[in-house]
Amino acid sequence: MTEFVPNTNGEYAVTAFSTHWIKYVPPTVIFFLLLPVALTLFITAGLNAQSYGNGADMLFLGALLLLLLVHHWYFHRILSEAMVDVIITNKRVIFCQDSLLRFDDMHEFNLQNLIAVQAQKHGILQNVLRYGSLWLDTGGSVSTDLGGVIPQVPHPHYVAQQITTERRMHTESS
Amino acid sequence: MEAFASLGASTLSAAIIAVNIISVVTMAAVVGEFLHIQHKRINLLRSLNSNRAEAEHKHGRALMWLYIISTAVLTVTAVFLYFIRP
């Protein structure tokens, strides 16, 4: 059994995880579709620049621009997602959403104010790959309200159960 | 005519240098912001005594180095192909 060590406020992390790996799939597919095109243009234009003159130079610049754009966009997306997003403690649920240099959001749901937790897995992909969304109802919100929804949670039913257990323990202790 | 061709070539060289400089600056900005956010996240995890802090650190740093090295390779290749011309 895992032993949790609380900090000075009596709070400890029960679990911390990153959202499901499916988030990497769309940027990786786009990256590997565009990368060969950009690389071929880049190397062909680079090697033929001397023989074909200014036309090849312009093509080289265009290919370089495309290659760098794809490269920076991909790593920006991957690095933005490559951090722990969801932290569940014995007192709150923390959900962090960030896109480097664009936004850095942190949503905190106090277990004391939590009315219900709803786990949702919709569609074949979510059921096969075992991920879904969690709706944390703090009162007055609806499941379509994005502020209370954590998307792409791996094993959402198990996580919902963990949150419910912590909430019950928190209510009993206070 | 030759003057125009020379002007075009020097403009293109300047554009290629500028694109590479912008690329390196972009990489530095993204990496800087990544380190800043990762540092905040690790501190939060450590304050909650989570054992995920170290794993978070290693995984993120590996990706960051991959980004730095691949950007350096692209920059060197671009300069080599355009200015040295094999």
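Residues numbered from 1 in each chain as written. Chains lettered and ligands numbered in written order. Predicted model: local features only at pLDDT ≥ 70, side-chain atom pairs only at ≥ 80, totals over all residues. Heavy atoms only, no water.

1. Observations concerning the side chain of H76 of chain A
Here comes step 1: Along the chain, the position of H76 of chain A falls in helix 2 (residues 54–81).
Here comes step 2: Excluding its chain neighbours within four sequence positions, the residues that come into contact with H76 of chain A are S99, L100 and R102 of chain A together with V30 of chain B. (Helix = DSSP H or I, 4+ residues; strand = E, 2+ residues; numbered from the N terminus. Contact = heavy atoms within 4.5 Å.)

2. With respect to helix 4 (residues 156–173) of chain A
Residues and elements named next belong to chain A.
Here comes step 1: Helix length check: helix 4, at 18 residues, gives a terminal C-alpha distance of 26 Å against a target of 26 Å (1.5 Å per residue), a fit within 8%.
Here comes step 2: The set of residues buried in helix 4 consists of P156, V159, A160, Q162, I163, E166 and H170. Buried residues of helix 4 fall within an arc of 160 degrees about the axis and therefore sit on the same side. For helix 4, the exposed residues set more than 90 degrees away from the buried face come down to Y158, Q161, T171 and E172.
Here comes step 3: Where the residues of helix 4 are buried, they touch strand 1 (13–17), strand 2 (86–89), strand 3 (92–99), strand 5 (116–120), strand 6 (131–137) and strand 7 (149–154). (Expected span 1.5 Å × (residues − 1). Buried < 20%, exposed > 50% of the residue type's maximum accessible area, 1.4 Å probe, protein only. Arc of directions from axis to C-beta.)

3. Overview of the pattern of salt bridges
Oppositely charged side chains are able to pair whenever their charged atoms sit close together.
Here comes step 1: A complete count under the given rule lists five salt bridges over all chains for this structure.
Here comes step 2: Between E108 of chain A and R92 of chain A there is a salt bridge, with the nearest N and O atoms lying 2.9 Å from each other. Taken together, the residues E108 of chain A in strand 4 (residues 103–110) and R92 of chain A in strand 3 connect sequence positions 16 residues apart.
Here comes step 3: Look at E108 of chain A and you get partly exposed, because its relative accessible area is 46%.
Here comes step 4: For R92 of chain A, a relative accessible area of 18% gives the class buried.
Here comes step 5: Note that K40 of chain B and D104 of chain A form a salt bridge whose closest N and O atoms lie 2.6 Å from each other. Of this pair, K40 of chain B sits in helix 1 (residues 2–47) while D104 of chain A sits in strand 4, on two different chains.
Here comes step 6: Residue classification places K40 of chain B among the partly exposed residues on the basis of a relative accessible area of 40%.
Here comes step 7: One continuous salt-bridge network, built from bridges that share partners, spans E11, R92 and E108 of chain A. (Salt bridge = Lys/Arg side-chain N within 4 Å of Asp/Glu carboxyl O.)

4. Considerations on the confidence of the model for chain A
Here comes step 1: The pLDDT averaged across chain A works out to 88; a share of 91% of its residues lies at or above 70.
Here comes step 2: Here helix 1 (residues 25–52) of chain A stands out as the element of chain A with the lowest mean pLDDT, 86, in contrast to helix 3 (residues 123–129) of chain A, whose mean of 96 is the highest. (pLDDT = per-residue confidence, 0-100.)

5. Quick notes on unusual backbone geometry
Here comes step 1: One non-glycine residue, R130 of chain A, adopts positive backbone phi at about 55 degrees.
Here comes step 2: Mapped onto the elements of the fold, R130 of chain A is located in the loop between helix 3 and strand 6.
Here comes step 3: Look at R130 of chain A and you get partly exposed, because its relative accessible area is 47%.
Here comes step 4: Notably, N49 of chain B is not glycine yet its phi reads approximately 55 degrees, a positive angle.
Here comes step 5: Position of N49 of chain B among the secondary structure elements: in the loop between helix 1 and helix 2 (52–84).
Here comes step 6: By relative accessible area, which is 39% here, N49 of chain B ends up partly exposed.

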